Amino acid sequence: MPPNRLDAVPSAPDSPVALQSFYISAPGKIILFGEHAVLYQKTAIAGALDLRIYISLEEIQERKIYLDLPELGLVNEWSLKKLLADVQPHLDDMDAPALDETIQLARKLSGDDNDDIAAVDLAIHVLWYLLIGAASRTSNIPGMRIKVRCELPIRVGLGSSGAFCTGLTTAILCTSGLIPQPSVSVSDGRSTWSEKHLNIIREWASVAESIIHGRASGLDVAMSTYGGIAKYKLQKHIENLKCTQNLSVILVNSKIERSTFKMVKIVQEFCEKNTFAAGHMLDTIDSLSLEAAAKLTQGASGDAKSISPDSINFLDSLCQINDACLNSFGVGHSKLDAIRSVLARRGLHGKLTGAGGGGCVFAFLKPDLSTEDITLLKSELNAIDCEVWLPSLGGPGVVLHDTAPGVFLN
Ligand SMILES: Nc1ncnc2c1ncn2[C@@H]1O[C@H](COP(=O)(O)OP(=O)(O)OP(=O)(O)O)[C@@H](O)[C@H]1O
Ligand SMILES: C[C@@](O)(CCO)CC(=O)[O-]
């Protein structure tokens, strides 16, 4: 056993090493301001969601890797010998493995040489990218059975790919002993890692996520790793915002699925065709994010206070401007327009969140809305076939659970 392995669970009496099982989860996110613009060096503001992806990893005696992704309808297995024969430990740093060098081998070893890459293949490539990265640093890769469960809807802008990559990266780094036991207690029998190890998780998971997105800003993975509500800019360290105001949002899923990869291309084409106007729009979005961050953190620190009607009106108008820019980029959808109309009848400005083209809309809830108003609003949105949440924002990032989370119990 290498140093730093997680607490082992008792193994079979004749087993040569103690095998461990563990559960990891990572949150999805809502981007409040700055999606797409963040890929062009502009500021974004996002919050971790209380909807998470859960990974169960059980080490096994058999020299095999089993992967069960029920949400994608995949059950698959590979021989571990194949990995260990092709990849020997030769690196002693913890830099994220370079994608160009790893991805071809990941496709070969996972048995997927097909040019037509489906969602499920991308998830498998992520696993193999991580396995090759770990095997390049240690031969201590056990046989394992991995199962992923998801509270987050997939492909609707809530960061399922970021949470998947963050959770899986953490599980593979833990099982190969490349990161130690988490040392920071969170709450409810959960713990997380020191900043040094979270930074390693984030770097590996960000590269892994670009396998899915093509080009990823790393925002989703940063939220899944560190949690909280944060201000983010490419190539700058993520800044956790100490919010002085309690934020309540309504989150509406149009149930129109789309690929972030395609939406990023649409915006890129818009920016290439309309260089001058796009430049100003991106700068505008940057200012909106900075103004929102200033509003969220203004005033005395301490326990967050109920947000004032003036602050909510201000954030609401920032949402309206950001949403108009996103629609001009070409990532709107008629179902999102229908959601906005329902929200507008209660005086709320809905803004799409995530890559757009479908997916989710959110709005800041005004303090004067009664419980009855919110119930009515929910039923009007349900009537146009939408899912509605009143999520809590800013919870923990990636954590280890000390007991099996509920999603694995049924
Ligand atoms: N539960 C899961 N099991 C396996 N793979 C998953 C799971 N959730 C997400 N993924 C991977 O992430 C991909 C979805 O990524 P995509 O970026 O299109 O959507 P999203 O992350 O939900 O939205 P956004 O990036 O806009 O927030 C899936 O195709 C799959 O490869
Ligand atoms: C559209 C985008 O800005 C957000 C996707 O959740 C892409 C990215 O940041 O990688």
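Residues numbered from 1 in each chain as written. Chains lettered and ligands numbered in written order. Predicted model: local features only at pLDDT ≥ 70, side-chain atom pairs only at ≥ 80, totals over all residues. Heavy atoms only, no water.

In the nomenclature of an unreviewed UniProt entry, the protein chain corresponds to Mevalonate kinase from the organism Panagrellus redivivus. For the record of the protein chain, the UniProt heading Sequence similarities (unreviewed entry) holds the text "Belongs to the GHMP kinase family. Mevalonate kinase subfamily." In its Catalytic activity (unreviewed entry) section, the UniProt record describing the protein chain reads: "(R)-mevalonate + ATP = (R)-5-phosphomevalonate + ADP + H(+)". (UniProt positions renumbered as here; feature names shortened; annotations may be inferred.)

A. Inspection of the domain arrangement of the protein chain at higher detail. Segmentation of the protein chain into domains returns domain 1 (21-237 + 395-408) and domain 2 (243-389). Put simply, the middle of domain 1 and the middle of domain 2, counted by C-alpha atoms, are 27 Å apart. On the side of domain 2, 40 residues touch domain 1, which itself brings 29 residues to the contact. Both sides of the domain 1 and domain 2 interface together cover about 2,800 Å² of buried area, and 69% of this is carbon and sulfur. Applying the counting criterion to the domain 1 and domain 2 interface returns three salt bridges. The salt bridge partner of D283 is K42, with a shortest N-O separation of 2.8 Å. Linking domain 1 to domain 2 there are 13 residue pairs in polar contact (both at pLDDT 80 or more). Those elements that place two or more of their residues in the side of domain 1 that touches domain 2 are β1 (21-33), β2 (44-60), α5 (195-213) and β8 (229-232). Take the side of domain 1 that touches domain 2: its biggest share by element is five residues, from β1. (Domains from an automatic or database assignment. Contact = heavy atoms within 4.5 Å. Buried area = accessible area lost by both parts, 1.4 Å probe. Salt bridge = Lys/Arg side-chain N within 4 Å of Asp/Glu carboxyl O. Polar contact = N/O pair within 3.5 Å; in protein donor to acceptor, adjacent residues only side chain to side chain. Helix = DSSP H or I, 4+ residues; strand = E, 2+ residues; numbered from the N terminus.)

B. Structural detail: the side chain of Q20. Relative to the assigned elements, Q20 resides in the segment before β1. Under the relative-accessibility criterion, Q20 is labelled buried at 2%. Among the polar contacts listed, one links the side chain of Q20 to the side chain of E59, at a separation of 2.7 Å. (Buried < 20%, exposed > 50% of the residue type's maximum accessible area, 1.4 Å probe, protein only.)

C. Broad picture of helix α4 (residues 160-175). Here α4 contains 16 residues, and its C-alpha end-to-end distance of 22 Å stays within 8% of the 22 Å for a straight helix at 1.5 Å per residue. Across the 16 residues that make up α4, a large majority, 16, are buried. (Expected span 1.5 Å × (residues − 1).)

D. How the structure looks around the packing of helix α3 (residues 119-135) against α4. Here α3 crosses α4 at 30°, and the two axes come no closer than 10 Å. What the angle tells us is that α3 and α4 run roughly parallel. Crossing hand, α3 versus α4: right-handed. Of the residues in α4, those touching α3 at A123, V126, L127, L130, L131 and A134 are F164, C165, L168, T169 and I172. Partitioned by chemical class, the residues of the contact of α3 with α4 number 10 nonpolar, one polar and no charged. (Axes fitted to C-alpha atoms, helices over the stretch in contact; angles between N-to-C directions. Parallel < 35°, antiparallel > 145°, perpendicular 65-115°, else oblique. Left-handed = near helix turned anticlockwise from the far one by under 90°. Nonpolar A, V, L, I, M, F, W, Y, C, P; charged D, E, K, R; others polar.)

E. Region of interest: the site of ligand 2. What surrounds ligand 2 is the set K29, I31, E35, H36, V38, L39, H213, A216, S217, D220 and A355. One nitrogen or oxygen atom from the side chain of K29 is found 2.7 Å from an oxygen atom belonging to ligand 2. Considering ligand 2 on its own, with 300 Å² of exposed area, one finds that the protein chains cover 99% of that surface. Within the shell around ligand 2, the residues separate by chemical class into five nonpolar, three polar and three charged. (Near = heavy atom within 4 Å. Areas by Shrake-Rupley, 256 points an atom, 1.4 Å probe, with all protein chains shown as cover.)

F. Up close: the site of ligand 1. Near ligand 1, the surroundings consist of 25 residues, among which G159, S160, S161, H213 and R258 are the closest. One nitrogen or oxygen atom from the main chain of R155 is found 2.8 Å from an oxygen atom belonging to ligand 1. Taking H213, its side chain carries an N or O atom lying 2.6 Å from an oxygen atom of ligand 1. For ligand 1, whose accessible area on its own is 630 Å², the fraction buried by protein is 97%. Listing elements by their share of the shell around ligand 1, those giving two or more residues are α3, β5 (143-150), α4 and α5.

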